[in-house]
Amino acid sequence: MIRRARSIILRYSTTALIAENFVAKTAIELSELGRWVLASCDGWSHPYALYSAVPASVHPALEREIASLTAASLLVCQHSPAAAQDQEYEERFAWGAIAGYYHFSIRGTEYMDPAQSAARLVEKSATTEAVPLHQDNQGYAATIALPRPELESDALSLMCRRRSYRGFSDEALRLDHLSECLFAGLGITGFVKPFAESEEQLPFKLTPSGGGRNPYEAFVYARRVDGLAPGVYHYSAREHSLGLVGEQDLPSVAEVLAGQRWFEHTAALVLLVANFERTMWKYPHPTGYRVVLLEAGHIAQNILLAATARGLACTPTCAIDDRQAVRLTKCAQLTQSHVYTIALGNRSTIPTVMDPLHIAHNSSSPVAPG
Ligand SMILES: Cc1cc2nc3c(=O)[nH]c(=O)nc-3n(C[C@H](O)[C@H](O)[C@H](O)COP(=O)(O)O)c2cc1C
C-alpha cells in the first residue's frame, strides 16, 4: 500500500514542476503521470488501483514513476521508516507546510567557509549600493524630540555595556557565573495556573513567553568550567541543576559552530533547543512558529546581560552545524530544534578578527539627542 507523503510542496523551476518532500529533503521533477499518481494516492492505496485506471501500454511508465516517487519519499510505503516519519510529521507538526517548509528546509544548512564569506562581503560592498541601516524622521508631519535616556540607570548602563566579543581567555569560567547566566535566561521564579480548572502550572521565568508555554531547554557544552568535567549538560530550570548528557567524543567549538574559528577559545556554549509541541498545544496556527523563534532572542539577551554584568565575553551565534547540535544535545525529535547559541567565557585582551576594531560611538554616549 502506498500513500502521498504529507510534507510535499510543489514549485516551478524555470521549466519544470518540482515536487519536494521538505522533511525528507528530497526533490524531483514531476511528470504529468507523476502528478496524477500523487493526486490519486491521498489515502493508502493499492498500486493495482492505479494500474487498472490506465491502459496497459502505460504500465511500464507507471511502474517507473511509482519507483522514482517512492525513492524520493514523495510516495511512502505502508510500514516503512519513511511512512513512520511521514505519520509523525502529520500527527505532531501542527503548523503544517506553512511553517514546516521553512523550518525543515533550512535544517542542515552548509555554511560558507569564513574566508569565502569575508571575500564575498568585500566584493559586495564594492559592487552594490549600501542598504540604509537606519531610518530618520524627515518627511513625517512632525518630529518630537524625546527626553535624554538616563544612561546611568542600572538597567540602561548594563545594556549599553553589552557588546559581542569573541576574544576569550583560556581561564576557566566560574560555575557561579555560568549559573547566573542560565538562571537569567531560563530560571523559574514562580508557577501559575492559567485558569481554575487547569491541571497545568505554567512556569514564570525572567523572560516573557507566548502563552507562558516556555518552549526552550538549554544545554551547556562545557569546555572549561570550574567544577565541571568537559561535556554536555542539560540545565533543569525547575531544579536549577545540570544533568550530564555526555562526555565522550567532544568536538571542537569551531566544528560545532560551522567552522567559526574565532570561537575556538570559548569556555562554554549554551545551546537553546525549542520544543515546538509546548507552544503548538496552545497555538495550533503557524504563527506559533514565529512565537517560538522570537523567544530565543529574549532568553539570549538575558544571558548576554548577565554575562556582561560579570565582565564576561559573550556573543550569540545562529550559525551551527545541525548534526553536531543533535549529536551533542541528543534532541533528535521531529518537533524539537536547536535554534540559537550563546558563547561565554572570560575576556582576553586580544580580540579576534571578527571583533570590531573601531566603534564609531562610544557605548557610554550612544544616543545623540536632538
Ligand atoms: C541572530 C544573531 C545571529 C548572530 N550570529 C552570529 C554568528 O553566527 N557569528 C558571530 O560571530 N556573531 C553572530 N552574531 C553577533 C553579531 O555579529 C553582533 O551582534 C553584531 O555584530 C552587533 O554587535 P553587538 O552584538 O556588539 O551589538 C549574531 C547576532 C544575532 C543577533
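S.K.: Would you explain the packing of helix α1 (residues 32–40) against helix α3 (residues 59–71) in this entry?
M.R.: Helix packing geometry: the angle between the two helix axes and the distance between the axes. Packing of α1 against α3 leaves a shortest axis separation of 10 Å and a crossing angle of 65°. It follows that α1 is roughly perpendicular to α3 by the angle criterion. For α1 against α3, the interelement crossing comes out right-handed. Along the contact surface, α1 presents L33, G34, V37 and L38, while α3 presents A61, L62, E65, I66 and L69. Of the residues contributing to the contact of α1 with α3, the split by class is seven nonpolar, one polar and one charged.

S.K.: Honestly, the sheet that holds strand β4 (residues 26–29) in this entry has me stumped. Any pointers?
M.R.: Strand pairs in the sheet, formed through backbone hydrogen bonds, run parallel or antiparallel to each other. Here three strands make up an open sheet; going across it, the order is β2-β3-β4 and the pairing antiparallel. Of all the strands in the sheet, the pair left with one neighbour each is β2 (8–12) and β4. The sheet shows a mean angle of 25° between the axes of neighbouring strands, taken without regard to direction. Of the pairings in the sheet, the one linking β2 to strand β3 (residues 17–21) comprises five bridges and is antiparallel in character. Within β3, the residue paired with I9 across the bridge is E20.

S.K.: Got a minute to help me understand the domain arrangement of the protein in this structure?
M.R.: In many analyses, interface size is given as the accessible surface area lost on bringing the parts together. Domain annotation for the protein reports domain 1 (2–92) and domain 2 (154–345). Using only C-alpha atoms to locate each centre, domain 1 and domain 2 end up separated by 39 Å.

S.K.: How do you make sense of the site of the ligand when you look at a structure like this?
M.R.: Surrounding the ligand, one finds R163, S164, Q260, T315, P316, T317, C318, A319 and M354. Classifying every residue of the shell around the ligand gives four nonpolar, four polar and one charged.

S.K.: Before we go on, may I ask you to explain the sheet that holds strand β13 (residues 336–345) in this structure?
M.R.: Ordered in space as β10-β9-β8-β11-β13-β12, the six strands form an open sheet in which the pairing is antiparallel. At either end of the open sheet lies a strand with only one pairing partner, and these are β10 (241–246) and β12 (313–317). Averaged over all pairs of adjacent strands, the angle between strand axes in this sheet comes to 25°, irrespective of strand direction. Direction of pairing for strand β8 (residues 216–222) relative to strand β9 (residues 231–236): antiparallel, over a ladder of five bridges. Paired with A218 across the two strands is Y235, which belongs to β9. Packing against the sheet, helix α11 (residues 287–309) makes contact with β8, β11 (268–275), β12 and β13, and its axis sits at approximately 15° to β13.

S.K.: Help me understand the nonpolar core, please; the structure alone is not making it clear to me.
M.R.: As a rule of thumb, nonpolar side chains are buried together in soluble globular proteins. Core analysis: the biggest nonpolar cluster contains 63 residues, and V220, A268, V270, L272 and L344 have the highest contact counts within it. A per-element tally of this core places α11 first, with nine residues. Shared between two domains, this core takes at least three residues from each, and those domains are domain 1 (2–92) and domain 2 (154–345). The residues touching L344, leaving out its near neighbours within four places in the chain, are L173, C181, T266, A267, A268, V270, A307, L312 and C314. With 16 residues, the next largest nonpolar core counts I8, L30, L50 and L69 among its residues.

S.K.: So what exactly am I meant to see when it comes to unusual backbone geometry here?
M.R.: With glycine set apart, most residues show a phi of negative sign, and most peptide bonds adopt trans. With phi around 40°, N214 is a residue other than glycine that occupies positive phi space. Locating N214 in the fold gives a position in the loop between β7 (202–205) and β8. Here the phi dihedral of H240 falls at roughly 45°; this positive angle occurs in a residue that is not glycine. Structurally, H240 can be placed in the loop between β9 and β10.

S.K.: How should I be thinking about α11 in this particular structure?
M.R.: Since there are 3.6 residues in each turn of an α-helix, residues three or four apart along the chain are aligned in direction. Between its first and last C-alpha atoms α11 spans 34 Å; for 23 residues at 1.5 Å apiece the expected length is 33 Å, and the two agree. Looking one or two residues beyond α11, the residue adopting positive phi is G311, at roughly 70°.

S.K.: Help me out: how do you make sense of the packing of helix α8 (residues 175–186) against α11 in this one?
M.R.: Between α8 and α11, the shortest axis-to-axis distance is 7 Å and the interhelical angle comes to 150°. Considering their axes alone, α8 and α11 lie roughly antiparallel with respect to each other. The element α8 and its partner α11 pack so that their crossing is right-handed. Where α8 abuts α11, its residues E180, C181, A184, G185 and L186 lie against I299, N302, I303, L305, A306 and A307.

Criteria and thresholds
Residues numbered from 1 in each chain as written. Predicted model: local features only at pLDDT ≥ 70, side-chain atom pairs only at ≥ 80, totals over all residues. Axes fitted to C-alpha atoms, helices over the stretch in contact; angles between N-to-C directions. Helix = DSSP H or I, 4+ residues; strand = E, 2+ residues; numbered from the N terminus. Parallel < 35°, antiparallel > 145°, perpendicular 65-115°, else oblique. Left-handed = near helix turned anticlockwise from the far one by under 90°. Contact = placed C-beta atoms within 7 Å. Nonpolar A, V, L, I, M, F, W, Y, C, P; charged D, E, K, R; others polar. Pairing = 2+ DSSP bridges. Domains from an automatic or database assignment. Near = placed C-beta within 6 Å. Core = buried A, V, L, I, M, F, W, Y, C linked by C-beta atoms within 7 Å. Buried ≥ 20, exposed ≤ 12 C-beta atoms within 10 Å, placed from the backbone. Expected span 1.5 Å × (residues − 1).

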